[in-house]
Amino acid sequence: EAGVAQSPRYKIIEKRQSVAFWCNPISGHATLYWYQQILGQGPKLLIQFQNNGVVDDSQLPKDRFSAERLKGVDSTLKIQPAKLEDSAVYLCASSLSDGLGTEAFFGQGTRLTVV
Amino acid sequence: DAKTTQPNSMESNEEEPVHLPCNHSTISGTDYIHWYRQLPSQGPEYVIHGLTSNVNNRMASLAIAEDRKSSTLILHRATLRDAAVYYCMMNTGNQFYFGTGTSLTVIP
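The text that follows walks through the structure, step by step, so that each part is easy to find. Quantities reported herein were computed from a predicted structural model and do not represent experimental measurements.

1. Remarks on the environment of Tyr 10 of chain A
Residue and element names in this part refer to chain A. Structurally, the position occupied by Tyr 10 is in strand E2 (residues 10-13). For Tyr 10, a relative accessible area of 56% translates into the label exposed. Linking Tyr 10 and Leu 60, residues 50 residues apart in sequence, is a C-alpha distance of 21 Å.

The structure is reproduced here in structure tokens:
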């Protein structure tokens, strides 16, 4: 079974530029998550989709971050404009359903460096 | 966020058992307890989860206290490949909230 695919693996941009990350979840997984992981910290949930609807985006900085999930499959996370403090690894995960007890599968992440 | 408390770091000798503790005193009746681990430069990896009863799988065992306010992840024989950050989470409202985790060092 193919895992969660993310691209690019690495990205370096200057502050105030924009950037987009792409995620392809495991086939058939209804729930998709985006996390931000700053060096030395645990992942922080940014947004959760159930199919193509948003379940929780309470921790998403909506003035600069946006995310969408096209046709309930692939998803993109965008930052515009980027700030230095956005330097982090952005992780995408998916799970089969939103039922309690369901395990989540994570991609390898995109490491963003803002200079 | 649903909060859990774990020690920042632990050490274990190779081939010895490791007991990783977690406190989750605010757990509610329908919350599952999940454990994930993260190896360097990789995304988190599922280890085990449970609700009330102790659980075993090929990777580890999960011992859940009777009042469910704490749990312990047990690695029966630590190997060098088990060196990672281990996260304990409550699966609350279909979300996975990570804490700071426990960094496990395995000593050869």
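Text resumes after the structure shown.
2. A short note on the state of the cysteines
Within this structure, the stated rule accounts for two disulfides over all chains. Sulfur-sulfur distance for the disulfide between Cys 23 of chain A and Cys 92 of chain A comes to 1.9 Å. One disulfide, between Cys 23 of chain A and Cys 92 of chain A, carries an S-S torsion of -70° and so falls in the left-handed class. Of this pair, Cys 23 of chain A sits in strand E3 (residues 19-24) while Cys 92 of chain A sits in strand E9 (residues 88-95), placing them 69 residues apart in sequence. We note that Cys 23 of chain A, like Cys 92 of chain A, is buried. The disulfide partner of Cys 22 of chain B is Cys 88 of chain B, and the gap between their sulfur atoms is 2.0 Å. The sign of the S-S torsion, about -75°, decides the handedness of the disulfide formed by Cys 22 of chain B and Cys 88 of chain B: left-handed.

3. As for the interface of chain B and chain A
Note: interface size is frequently given as the accessible area lost on complex formation between the parts. On the chain A side, the residues contacting the 22 residues of chain B number 23 residues. Interface area for chain B against chain A, summed over the two sides, is near 1800 Å², with a carbon-plus-sulfur share of 49%. Our enumeration of links across chain B and chain A arrives at zero salt bridges. In this assembly, chain B and chain A are joined by three residue pairs in polar contact (both at pLDDT 80 or more). Breaking the side of chain B that touches chain A down by element, the ones donating at least two residues are strand E3 (32-38), strand E4 (45-50), strand E8 (84-92) and strand E9 (95-96) of chain B. Among the elements that make up the side of chain B that touches chain A, the one with the highest residue count is E3 of chain B (four residues). Along the lines of polarity and charge, the residues of the side of chain B that touches chain A split into eight nonpolar, 13 polar and one charged.

Thresholds applied
Residues numbered from 1 in each chain as written. Chains lettered and ligands numbered in written order. Predicted model: local features only at pLDDT ≥ 70, side-chain atom pairs only at ≥ 80, totals over all residues. Heavy atoms only, no water. Helix = DSSP H or I, 4+ residues; strand = E, 2+ residues; numbered from the N terminus. Buried < 20%, exposed > 50% of the residue type's maximum accessible area, 1.4 Å probe, protein only. Disulfide = S-S within 2.5 Å. Contact = heavy atoms within 4.5 Å. Buried area = accessible area lost by both parts, 1.4 Å probe. Salt bridge = Lys/Arg side-chain N within 4 Å of Asp/Glu carboxyl O. Polar contact = N/O pair within 3.5 Å; in protein donor to acceptor, adjacent residues only side chain to side chain. Nonpolar A, V, L, I, M, F, W, Y, C, P; charged D, E, K, R; others polar.

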